[in-house]
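Structure at a glance
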Amino acid sequence: MSSARSAAARMGIRLALAAMLAMPLAGCFQPMYADRGDGSPTLRDKLSAVQVPPLDVPNSSRNARIGVEIRNALMFKMYGSATGAPPLYTLALNINSSRSSLIVDPNTTLPTIENYGIDANFRLIEIATGKVVLTGSTFSRVEYDVPGQTQRFARTRAGRDAEDRAAQEIAENINTRLASFFYAGM
């Protein structure tokens, strides 16, 4: 019984020591998207000042649809609507897409699982000076099943869903990089 009490006492002392050591750090945590309270622009305000122009891709190409998906997702993630505040920055974005077969049926030599990928390069340009303040690249790879060889419409729909998932992931990655850039400069 005494060893159990001494173990409990040691545990209590350890917890108290951990709490005392953590006390000075308690006020250091601040959520990224929170209002700062001092009147300075919030992260949401800074993100809303980024203009996302339409991507420079050929009309009626597959990348044109994907470019619109990425642009719409980015604008929604940054400012929740189609327009933000008066722009201070512009985001130049280039994308390349690829499709490859991962698993091929040995009897029919037709793919059963395919991989869809998007590679994106972006530059954040300050409008007032024309200076590039941030560059980066990101990628997304998603796989999808080809549901039977005779179901060509289902295969097309699965491919489009994969494109949409990849576009959402690209938008999320770029939004996160922009948020960390603006937050570090706050």
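Sequence order as written defines residue numbering, which begins from 1 separately in each chain. Local features in a predicted model are, by the rule used here, given only for residues with pLDDT of at least 70; side-chain atom pairs are given and counted only at 80 or more, and totals for whole chains, interfaces and linings are based on all residues. Excluding hydrogens and water, the side-chain figures rest on all heavy atoms present in the structure.

Topic: the overall build of the protein
A run of H or I in DSSP becomes a helix once it reaches four residues, and a run of E becomes a strand once it reaches two; helices and strands are each numbered from the N terminus. Along the backbone of the protein there are four helices and four strands. Secondary structure elements in the protein, listed N-terminal to C-terminal, are α-α-β-α-β-β-β-α. Exposure classes here rest on a 1.4 Å probe applied to the protein chains alone. A residue is buried below 20% of its type maximum, exposed above 50%, and partly exposed in between. Taken over 186 residues, the protein has a buried fraction of 29%. Pairs at least 24 apart in sequence give 66% of the contacts found in the protein among residues at least 6 apart. Should any heavy atoms of two residues lie within 4.5 Å, those residues are considered in contact.

Side note on the confidence of the model for the protein
In this model, the protein carries an average pLDDT of 85, and 89% of its residues clear a pLDDT of 70 or more. Model confidence for the protein, summarised as mean pLDDT per element, is weakest for helix α1 (residues 2-22) at 81 and strongest for strand β4 (residues 132-145) at 94. pLDDT runs from 0 to 100 and stands for how confident the predictor is about each residue.

Examining the packing of aromatic side chains
Under the pairing criterion, centres of Phe, Tyr and Trp rings, with the six-membered ring standing for Trp, must be within 6.5 Å; the plane angle then separates stacked pairs below 30 degrees from edge-to-face pairs above 60, leaving the rest tilted. Applying the stated rule across the entire model yields two aromatic pairs. Consider the rings of Phe181 and Phe182, whose centres lie 5.2 Å apart with planes at 65 degrees: the pair is edge-to-face. In this structure an aromatic cluster arises from ring pairing among Tyr89, Phe181 and Phe182.

Some points on the sheet that holds β4
In spatial order, the strands read β1-β2-β3-β4; together these four strands make up an open sheet with mixed pairing. Looking along the sheet, the strands with just one partner apiece sit at the ends: β1 (50-51) and β4. For two strands to count as paired, DSSP must find a minimum of two bridges between them. Bridge count between β1 and strand β2 (residues 89-104): two bridges; the pairing is parallel. Bridge pairing links Val50 to Tyr89 in β2. Convention adopted: a line fitted to C-alpha atoms gives each axis, helices being fitted over their contacting stretch, and angles between N-to-C directions are expressed from 0 to 180 degrees. Docked against the sheet, helix α3 (residues 62-79) engages β1, β2 and β3 (111-126), running at close to 125 degrees with respect to β2. On top of the sheet, helix α4 (residues 152-184) reaches β1, β2, β3 and β4; it is set at about 150 degrees to β4, its chief contact.

Description of α3
Side chains that are three or four residues apart share a direction in an α-helix, a result of its 3.6 residues per turn. In a helix, the anticipated span is given by 1.5 Å times the number of residues less one. Taking 1.5 Å of rise per residue, 18 residues should cover 26 Å, and α3 covers 26 Å from first to last C-alpha, within 8% of that figure. Among all positions in α3, only Asn63, Ala64, Ile66, Gly67, Ile70, Ala73, Leu74, Met75, Met78 and Tyr79 are buried. Buried positions along α3 lie against α2 (43-48), β1, β2, β3 and α4.

Some details on the side chain of Thr138
Here Thr138 is to be found in strand β4. Look at Thr138 and you get buried, because its relative accessible area is 8%. N or O atoms within 3.5 Å of each other form a polar contact, as long as, within protein, one can give a hydrogen and the other can take it, and as long as residues adjacent in sequence are counted only when both atoms are side-chain atoms. A distance of 2.9 Å separates polar atoms of two side chains, one belonging to Thr138 and the other to Asn173. Residue contacts for Thr138: discarding those within four places in its chain leaves Ile118, Asp119, Ala120, Ile170, Asn173, Ile174 and Arg177.

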